[in-house]
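What the coordinates show
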Amino acid sequence: MNLSTTDLPTLDHWIGGATYAGDSTRTAPVHDPALGTVSKHVRLGSTADVGAAVAAASAAYVTWGDTSIAARQTVMFRFRELFDARRDELAEILTSEHGKVLSDAAGEIARGLEVVEFACGMPHLIKGSYSENASTGVDVYSLKQPIGVVGIVSPFNFPAMVPLWFFPIAIAAGNTVVLKPSEKDPSPAIWMAALFTEAGLPDGVFNVVHGDKEAVDALLEHPEVASISFVGSTPIARYVYENGTRAGKRVQALGGAKNHMLVLPDADLDLVADSAVNAGFGSAGERCMAVSVVVAVDTIADELVAKIRDRMGKLVTGDGRRSCDMGPLITAEHRDKVAGYLDVAVADGCDLVVDGRDVDVDGAAEGFWLGPTLVDKVPTTSTVYTDEIFGPVLSVVRVSSYADGVALINAGPYGNGTAIFTNDGGAARRFQREVEIGMVGINVPIPVPVAYHSFGGWKASLFGDAKAYGPQGVEFFTREKAVTSRWLDPSHGGLNLGFPQNS
Ligand code: NAD
C-alpha cells in the first residue's frame, strides 16, 4: 500500500534516540479493533532503514558496551521508576491497538516490568568466576561480556511484554538493540523506546524499526547483528532460526502452541471450570499460553462441560475500555479465519456447545468480534484440534484415562505449556516427569514462569538452545571469556611444545 493521503497519523521508526521517517514508501494500517476502524498507519521499514538502525546501534555499542555497570544500572533503575509511574498510559495505548481489556493490558505490563526488575540485578547476574592458583602462580577467571548489536522480532499478541522479555536484559548487559515489533500494534514499542531515552539511555542503544518480512530479512542478513530473538508463529520461527543461524547468528525463535489442560476425575471441578474459562478466553484466546484444549477423563466430562458453559454465560464481550471481560480479535481477517473453524467443527461432528458468532457485544458494531466458543467431543483428526486457532475457541477432548491424556499431549507437535488439575500429588508428580512440554502447571492454568526463571517451550514451540529471560536470557545476551593469567616470576621454563599441564 502507498503512503496514506488521509489525515491519519503515520507512525515513524525510532532510531538514534529520535523518530525517524526513513526512505520506505510502504505503510500498513493499524486498527482500533474494538471500533473496527483504522487509527493510524505505520511505516514498513526498508533494508536501508534497518541499515540505519543497525548503524546507530553499532555506533552506540562502542560506548555503551564499555560503560560501567554502575552507570548502566542507574539508567535501568530510572527506567523502572518512570515505567512504573506511567504504566497506565501504556495500558491505554495497548488496548486501543490490540483490543485486550484494560485490566489484561495492565497484567501484561506488570509481567513485563518484572523483567526490567530482574535486569536491575545485572551486576550480580554477569559476575564472572575466579580460580586462584589454578596452577602454581597462575589464576584462571571467566568474564561475561556483551555480544554487540542484538535484533528482536516480536508478535502482535503481547506488544509490550514480549519485547520486555528481551531488551531490558540485553541492554543492562551492555548490548545495543534493534527491535522490529509487530506491524499490527506497533505503538507500545515506540512508547517504551521514548521512555528509555527519557530515563537517560544514550541515543542509539535502543532502536525500533517497523516493518514486515523485508525488515526481518534485513536483520537476519545484516553482518553486524549478532543475535536474533524472535517470537511468533511456528513457520516463521523456523524460517528465522534457519536463516539466522545460517548467517552465523545466535538465534532463539519461540513459535506457536496448542496447550492442553488435563483434568483428572478427582479434581475440584469448580476450580477447573474457572481456570479453563480464564485461560481459554482471556485476551480473546490470543495468548501463546492460552488453554485451547481441555482433556477431560470421560467420567467427569459432562459435568465439567456444563460448569464451563454456565460460566461462559456470564462473560461480557466488548470494548476493552469499558468494563468487559473479553475484547475483540486483532483484525477482521483473523476474526473470520477463527470463525471459519466453527463451520469445520460442525462438519466434523463436534458439539458446538456455545457459538461465539451469536454474541451480544458491548461495543461498536464494526469491531472485530467473536464471542467465547465451546466445542465438545472434538475428534483429534479435526483441524479444530490440530491447528493453532489463536482465538476464543475452547475445545474439549474426552479420554478414558490419565495415560491416554498424557499420550495425547505428548503426540502433539508443540510443546509450549500444559496443565494438570488433580488433588492427587502422586499423579501430578508423575505428570511433571512424563509430559514432554516446556512449561507445566499443577492446578495452575497459565504457567508463565516468573522473571528469574526462563520462559520457553519444547519441540515446535522453540527453535534454538536458549529460552527467554531469566538465567538463560542472561546467557543468550552475553559471551564468556576465560582468562589464564600469570604475574609473578617472569622467568619461563624454556621451549616446550607439549600441551600445557598444570603443576
Ligand atoms: P507472526 O509469526 O505472524 O509474526 C511474528 C513477527 O514476524 C512479526 O513481527 C511479523 O511482522 C513477522 N513476520 C510475519 N511474517 C513474516 C515473514 N514471512 N518473514 C519474516 N517475518 C515475518 O505471529 P503473530 O500473528 O504476530 O503472533 C501470533 C503467534 O505468535 C502465535 O503463533 C503465537 O503462538 C505465537 N507466540 C508465541 C509465543 C511463545 O512464547 N512461544 C509468545 C507469543 C506469541
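Residues numbered from 1 in each chain as written. Predicted model: local features only at pLDDT ≥ 70, side-chain atom pairs only at ≥ 80, totals over all residues. Heavy atoms only, no water.

Here we take up the site of the ligand. Taken together, 27 residues form the shell around the ligand, and within it Lys180, Glu183, Ser233, Gly255 and Glu388 come nearest. The separation between an oxygen atom of the ligand and a polar side-chain atom of Ser233 is 2.7 Å. One of the backbone N or O atoms of Gly255 is found 2.7 Å from a nitrogen atom in the ligand. Of all the secondary-structure elements, those providing two or more residues to the shell around the ligand are α8 (213–221) and β11 (225–231). Across the shell around the ligand, the residue classes tally to 14 nonpolar, 9 polar and 4 charged. (Near = heavy atom within 4 Å. Polar contact = N/O pair within 3.5 Å; in protein donor to acceptor, adjacent residues only side chain to side chain. Helix = DSSP H or I, 4+ residues; strand = E, 2+ residues; numbered from the N terminus. Nonpolar A, V, L, I, M, F, W, Y, C, P; charged D, E, K, R; others polar.)

In this section: the side chain of Arg287. The topology assignment puts Arg287 in the loop between α10 (269–281) and β14 (291–297). At 2.9 Å, the side chain of Arg287 and the side chain of Asp104 are in polar contact. Apart from the residues lying within four places of it in its own chain, the contact partners of Arg287 are Asp104, Asn157, Phe158, Asn278, Gly282, Phe390 and Ile446. (Contact = heavy atoms within 4.5 Å.)

Residues of helix α15 (residues 425–434) that are buried include every one of Ala427, Ala428 and Phe431, and no others. One side of α15 holds all its buried residues, which, seen down the axis, span an arc of 100°. Along α15, the residues that are exposed and aim more than 90 degrees away from the buried face are Gly425, Arg429 and Arg433. Residues of α15 that are buried sit in contact with β13 (259–263), α14 (402–411), β21 (417–421) and β22 (439–442). Here α15 starts with a cap whose side-chain oxygen sits 2.9 Å from the backbone nitrogen of Gly426, and that cap is Asp424. (Buried < 20%, exposed > 50% of the residue type's maximum accessible area, 1.4 Å probe, protein only. Arc of directions from axis to C-beta.)

Moving on to the side chain of Ser485. Mapped onto the elements, Ser485 comes out in strand β25 (residues 478–486). By relative accessible area, which is 12% here, Ser485 ends up buried. One polar contact links Ser485 to Trp487, side chain to side chain, over a distance of 3.4 Å.

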